[in-house]
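Remarks on the overall topology
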Amino acid sequence: MCLWKRFLRWLFPIWLGLFWGIVFAHWTVSHKLPAAWNGADFSVTGVVVGLPIHKVGYCRFNLKLKSLQLKKSHLPVVFKPARLTPRTVQLSWYKCPEKILPETEYSMVVRLKRPRGYRNPGGFDRERYLIAAGIDAVGYVREVQSIQLLNTDKWSVDLFRSRISDFIAAGVKPTEKAALLQALLVGDTRNISSQQWELYKNTGTVHLLVISGLHIGLVAGGSYLLLMSAGRLFPGLSLRKRTRFVVVLALLLSFAYSLLAGFSLPTQRAWVMVCALMMSTVWGRQSSPLSRLRLAAAVVLTLDPLAAVSPGFWLSFGAAGVLLYIVCGRLGSGAYLKSKFASMIKIQLAVSLVLIPLLAFHFYRIPLGSSVINLLAVPFVSLLVLPLAMLSLLLSQMFAELGSQGLNAAGWLLLEGSFCLQIVADWVVTVWTPETVSPLAIGFALLGCGILLMPRAIPGRSLGVVFWLPMLTGYEQPLESPAFNVTVLDVGQGLSIHVETATHHLLYDTGPKFRSGFSAAQAAISPYLLNSGVRHLDKLIVSHGDNDHAGGIDYFRDNWEINQLITGSAKLDGTYSKCSVGQRWVWDGVIFTMLHPDSRAEAGADQLSENNRSCVLKIQSEFGSILLTGDIERETELRLSERYRYQLQADVLVVPHHGSQTSSQSEFIKNVQPNVAIVSSGFLNRFGHPHPKVVNRYRLQKSILINTADSGAIRLSFRSEYKKEPIISRYRYQNQRYWWD
């Protein structure tokens with residue numbers, strides 16, 4: 001009976017957690033824009049929340065809605081109560097005429113759709129990110145009807161952060177220095193350049209640049225020590241009362257600092273962890289560190305159940321768990337901590353060891369040497385730069401000149417620290433990519449960490465190294481020649497295709513890049529390749545120079561080892577080979593043949609459009625064939641039909657030009673005779689791809705038409721057991737999430 005009660009005591013929180021997770025999921029999804037309203041225009045009134053992003057030619061901001069009215073009443077609308085309509089929407093405003101400020105009320109006409117992101121193995125889940133941030137719809141501004149700046153005397157966190165950020169920008173020069181201070185003091189990372197982000201990522205010091213658990217813990221701990229010292233001036237207070245009072249004040253100060261960062265979900269998680277560690281003093285109850293960590297995890301997951309699938313959750317609690325594992329509850333743990341410097345090194349190395357598998361699983365690349373860098377960088381930022389910057393910011397409210405000099409000094413220290421990081425990154429740091437990041441391999445590596453970090457008295461700890469071998473060696477069953485796999489990635493309104501044979505990898509096109517600097521190559525294609533165990537590319541073919549196909553070429557040139565770059569474009573810079581008819585090579589029994597452009601196209605290159613310069617590649621083996629066509633249009637399709645006729649026949653066709661009406665002529669489709677036709681297009685794209693007439697042509701041919709906008713990444717396996725009928729895997733349907741449509 002006692003065992004049964006104990007079992008129920010453990011089971012009840014699990015049931016409660018599952019119940020709350022289901023309620024949270026239903027409530028969150030019910031606020032999303034109804035599917036029937038996708039692509040519709042609305043008259044909205046709302047207040048700007050958060051810090052708007054301003055870039056050249058456009059800006060982006062979040063609008064908390066007060067009212068929402070459908071503009072086009074002829075659309076089919078499913079009625080929903082007002083409390084279930086979208087709460088906050090994320091809007092882009094192209095050619096925005098002025099700076100957008102928080103707490104500004106706008107009345108405008110916007111076009112909205114449900115949040116959507118790329119759906120690929122290993123890629124960033126934008127929909128989860130948006131839904132966790134409370135964004136229920138995304139869209140863009142079509143017309144502004146009125147603008148009203150609300151009462152600025154009313155205190156607002158966002159407006160306060162914006163003013164501090166503007167104050168730093170005005171008083172600290174150059175811009176790079178101000179950007180680092182804005183990130184450190186108010187969590188404003190809008191002005192951090194992509195080069196700076198890359199530097200901090202490659203050296204494992206991103207947590208120093210943004211307001212993280214480290215900074216919030218330092219504010220709480222530093223406030224506690226200072227206030228306890230000041231408390232000696234009041235001997236009349238008992239030590240217990242003084243300690244409780246100081247802990248509450250320290251938590252309030254750390255909460256205020258969290259508000260400066262916008263109290264985002266990662267910041268909330270960090271503050272909750274600090275509270276869990278310090279609140280037992282206020283309660284007057286002794287609890288084990290493990291109990292406090294469990295309490296912190298329970299509170300975090302209650303506030304945001306989606307934190308369970310967030311990398312930050314596992315990294316934060318993983319690091320805290322390592323500290324408990326190696327310090328608490330061991331004989332001689334006091335002696336272990338006597339030498340502060342030695343213990344700091346040991347703890348840092350232990351945490352770094354455990355974080356390697358977690359970082360590999362979530363981010364695929366690990367900066368080796370980051371633990372040594374952090375031994376110097378953490379004290380530099382936390383004990384010198386951060387206190388100086390915060391003190392200078394406070395002083396600037398009373399002594400503007402003195403505060404400005406202090407902020408400039410703190411910014412100078414940060415900038416010089418970045419220069420030192422750059423030198424270290426160039427000469428010392430190596431970014432290592434594990435051979436495999438499969439869950440099984442990562443699990444074995446974590447088990448190995450547990451064995452290696454066991455107390456010294458336990459024999460056989462070195463056997464933990466054996467459990468790292470799956471992640472280090474990465475053995476996986478290779479394809480058997482002449483089998484091959486083709487994956488059409490979901491990159492929105494663009495194209496990127498990965499072709500894999502037994503020992504070779506080819507990438508056809510690199511997807512789009514946007515004016516914000518965001519690129520499908522970095523967000524979707526590269527993570528997919530790393531997740532699939534690809535470490536270099538034998539060939540990169542960029543079909544032509546349009547942005548939706550060549551947007552990621554610079555990223556791959558800078559970050560990937562590529563044996564050969566081929567393109568049909570005449571406008572791309574750099575060293576590359578031209579694709580031309582007659583090029584042929586064989587990899588592992590798989591034949592690759594270039595069908596276009598031909599010599600006549602080259603002779604008339606001045607008249608040939610960029611789309612019609614696309615490299616047309618046919619891939620075939622005894623197990624099946626596929627035809628990759630880029631953005632060719634009617635002219636090239638007719639030329640190919642005249643030249644090859646039924647030699648064009650392929651089991652699978654990647655539909656030309658995303659299904660545009662200018663392509664996929666009936667004669668071309670009849671010559672190819674595809675059993676499967678794949679469209680790579682964006683969800684509700686403005687071009688209307690694939691065009692209804694094009695869809696009908698493939699239906700008349702009795703081809704199965706699949707769109708990445710609906711299915712996510714599409715994988716085709718050409719193997720012996722599926723001879724002439726490749727097995728098709730659709731990522732969206734095989735990896736369904738409740739927040740996905």
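Values in this document were obtained by computation on a predicted structure and should not be read as measured data.

Quick word on the overall build of the protein chain
From N to C terminus, the protein chain includes 26 helices and 22 strands. Dimensions of the protein chain, computed from the C-alpha atoms along their principal axes, are close to 100 × 70 × 60 Å. Burial status across the protein chain gives 49% buried among its 741 residues. The contacts of the protein chain with a sequence gap of at least 6 include a subset with a gap of at least 24, amounting to 71%. Total accessible area on the protein chain stands at roughly 36,100 Å², and carbon and sulfur atoms take up 61% of it. Side chains of the protein chain give 74 positive and 48 negative charges; the mean places of these two sets differ by 12 Å.

Overview of the packing of aromatic side chains
Within the structure shown, the criterion is met by 20 aromatic pairs. Centre to centre, the rings of W37 and F42 are 5.5 Å apart; their planes meet at 55°, and the pair counts as tilted. Grouping residues by exposure puts W37 and F42 together as buried. Look at F313 and W314: their rings are 5.3 Å apart centre to centre, the planes differ by 90°, and that puts the pair in the edge-to-face class. Classification of F313 by relative accessible area gives buried; the value is 6%. Members of the aromatic cluster, joined through ring pairs, are F61, W93 and Y106. Here R116 stacks its cationic end above the ring of F683, 4.0 Å away from the centre of that ring. Residue placement shows K539 over the ring face of W585; its charged tip is 4.6 Å from the ring centre.

Considerations on the side chain of H505
Here H505 is to be found in strand β10 (residues 505-508). When sequence neighbours within four positions are dropped, the list of residues in contact with H505 reads H498, V499, E500, V534, H536, L537, D538, K539 and W587.

Observations concerning the pairing of strand β4 (residues 104-113)
Most of β4 is tucked away: 8 of the 10 residues are buried. Bridge count between strand β1 (residues 40-55) and β4: 8 bridges; the pairing is antiparallel. Of the residues in β4, the one forming a bridge with V47 is E105.

Considering the confidence of the model for the protein chain
Across the protein chain, the average pLDDT comes to 85, with 90% of residues at or above 70. Per-element confidence in the protein chain ranges from a low mean pLDDT of 50 for helix α12 (residues 333-336) to a high of 98 for β10. Across residues 76-83, where pLDDT falls below 50, the model places 10 contacts with residues more than four positions away in sequence or in other chains.

Describing the nonpolar core
Grouped together as the largest cluster of nonpolar side chains are 53 residues, with contacts concentrated most on M471, I525, L529, F556 and W560. Of all elements in the fold, only α2 (126-132), α11 (311-327), α13 (340-363), α16 (439-452), α18 (520-531), β11 (539-542) and α20 (553-559) reach the threshold of two or more residues within this core. Top element by residues in this core is α13. It accounts for 8 residues. Ignoring sequence-local partners within four residues, the contact set of I525 consists of L489, V491, S496, L507, T510, G511, A520 and F556. In terms of nonpolar packing, the next biggest core, distinct from the first, is built from 46 residues, I168, A220, I373 and V378 among them.

Observations regarding the packing of helix α4 (residues 175-186) against helix α14 (residues 370-395)
For the pair α4 and α14, the least separation of the axes is 11 Å and the interaxial angle reads 90°. Here α14 runs roughly perpendicular to α4, going by the angle between their axes. Along the contact surface, α4 presents L181, L184 and L185, while α14 presents V381, V385, L386, A389, M390 and L393. In terms of residue class, the contact of α4 with α14 is built from 9 nonpolar, no polar and no charged.

Description of a nonpolar patch on the surface
Together, F12, I14, W15, L16, L18, F19, W20 and V23 make up a nonpolar patch on the protein surface, roughly 850 Å² of accessible area in all. Structurally, the position occupied by W20 is in helix α1 (residues 2-30).

Description of the state of the cysteines
All chains considered together, the criterion is met by 2 disulfides. Residue pairing for C59: its cysteine sulfur links by disulfide to C96, the two sulfurs lying 2.4 Å apart. With C59 in strand β2 (residues 58-70) and C96 in the loop between β3 (88-94) and β4, this pair connects stretches of sequence that are 37 residues apart. The partner cysteine of C579 in its disulfide is C615, sulfur to sulfur 2.0 Å. Between C579 and C615 the disulfide shows an S-S torsion of about -85°. By sign, it is left-handed. Taken together, the residues span a long stretch of sequence, with C579 in the loop between β13 (577-578) and β14 (584-587) and C615 in the loop between α21 (599-603) and β16 (616-621) at a distance of 36 residues.

Quick word on the sheet that holds strand β9 (residues 497-500)
What links the strands of a sheet is backbone hydrogen bonding, and the strands pair in either a parallel or an antiparallel sense. A sheet is described by the order of its strands in space; here 8 strands give the open sequence β13-β12-β11-β10-β9-β8-β21-β22, paired in mixed fashion. With partners counted over all chains shown, the strands left at the sheet margins are β13 and β22 (727-730), one partner each. Pairing between β11 and strand β12 (residues 565-567): 3 bridges, direction parallel. Opposite L540, over in β12, you have L565 as the bridge partner.

Overview of the environment of E622
Checked against the element boundaries, E622 lands in the loop between β16 and β17 (624-628). Considered as a pair, E622 and G589 are 33 residues apart in the sequence and their alpha carbons are 8.6 Å apart.

Topic: the sheet that holds β14
Spatial ordering of the open sheet is given by β14-β15-β16-β17-β18-β19-β20, a layout of 7 strands whose pairing is mixed. The open sheet has two free edges, formed respectively by β14 and β20 (704-707), since each of these has just one partner strand. Averaged over all neighbouring strand pairs, the angle between strand axes comes to 20°, with direction disregarded. Alignment of β17 against strand β18 (residues 652-654), held across 2 bridges, turns out to be parallel. Looking at β18, one finds that I626 is bridged to V652.

Topic: the pattern of salt bridges
This structure, assessed with the given rule, holds 13 salt bridges. Residue E105 pairs with K66 through a salt bridge whose shortest N-O separation is 2.7 Å. Of this pair, E105 sits in strand β4 while K66 sits in strand β2; the two residues are 39 residues apart in sequence, bridging distant segments of the chain. Residue K66 is classed as exposed on the basis of its relative accessible area of 54%. Between E500 and R715 there is a salt bridge; the shortest N-O distance is 3.7 Å. Separated by 215 residues along the polypeptide, E500 in strand β9 and R715 in strand β21 (residues 714-718) bring together distant segments of the chain. When salt bridges with common partners are traced through the structure, they connect D41, R111 and R142 into a single cluster.

Examining unusual backbone geometry
In most cases, non-glycine residues show a negative phi, while peptide bonds are predominantly trans. For the bond running from S481 to P482, omega is 0°, close enough to zero to count as cis. Its place among the elements puts P482 in the loop between α17 (469-473) and β8 (484-488). Look at D509: it is not a glycine, yet its phi comes out positive at around 75°. Residues other than glycine seldom take positive phi values, yet L684 does so here, at roughly 50°. Counting through the fold element by element, L684 comes out in the loop between β19 (676-679) and α24 (692-700). What makes L684 partly exposed here is its relative accessible area of 45%.

The rules we used
Residues numbered from 1 in each chain as written. Predicted model: local features only at pLDDT ≥ 70, side-chain atom pairs only at ≥ 80, totals over all residues. Heavy atoms only, no water. Helix = DSSP H or I, 4+ residues; strand = E, 2+ residues; numbered from the N terminus. Buried < 20%, exposed > 50% of the residue type's maximum accessible area, 1.4 Å probe, protein only. Contact = heavy atoms within 4.5 Å. Areas by Shrake-Rupley, 256 points an atom, 1.4 Å probe, with all protein chains shown as cover. Lys, Arg positive; Asp, Glu negative; His and termini not counted. Charge placed at Lys NZ, Arg CZ, Asp CG, Glu CD. Phe/Tyr/Trp six-rings, centres within 6.5 Å; stacked < 30°, edge-to-face > 60°. Lys NZ or Arg CZ within 6 Å of the ring centre and 35° of its normal. Pairing = 2+ DSSP bridges. pLDDT = per-residue confidence, 0-100. Core = buried A, V, L, I, M, F, W, Y, C linked by side-chain atoms within 4.5 Å. Axes fitted to C-alpha atoms, helices over the stretch in contact; angles between N-to-C directions. Parallel < 35°, antiparallel > 145°, perpendicular 65-115°, else oblique. Nonpolar A, V, L, I, M, F, W, Y, C, P; charged D, E, K, R; others polar. Patch = residues over 30% accessible without salt bridge, like charges linked within 9 Å, V, L, I, M, F, W, Y side chains within 5 Å. Salt bridge = Lys/Arg side-chain N within 4 Å of Asp/Glu carboxyl O. Disulfide = S-S within 2.5 Å.

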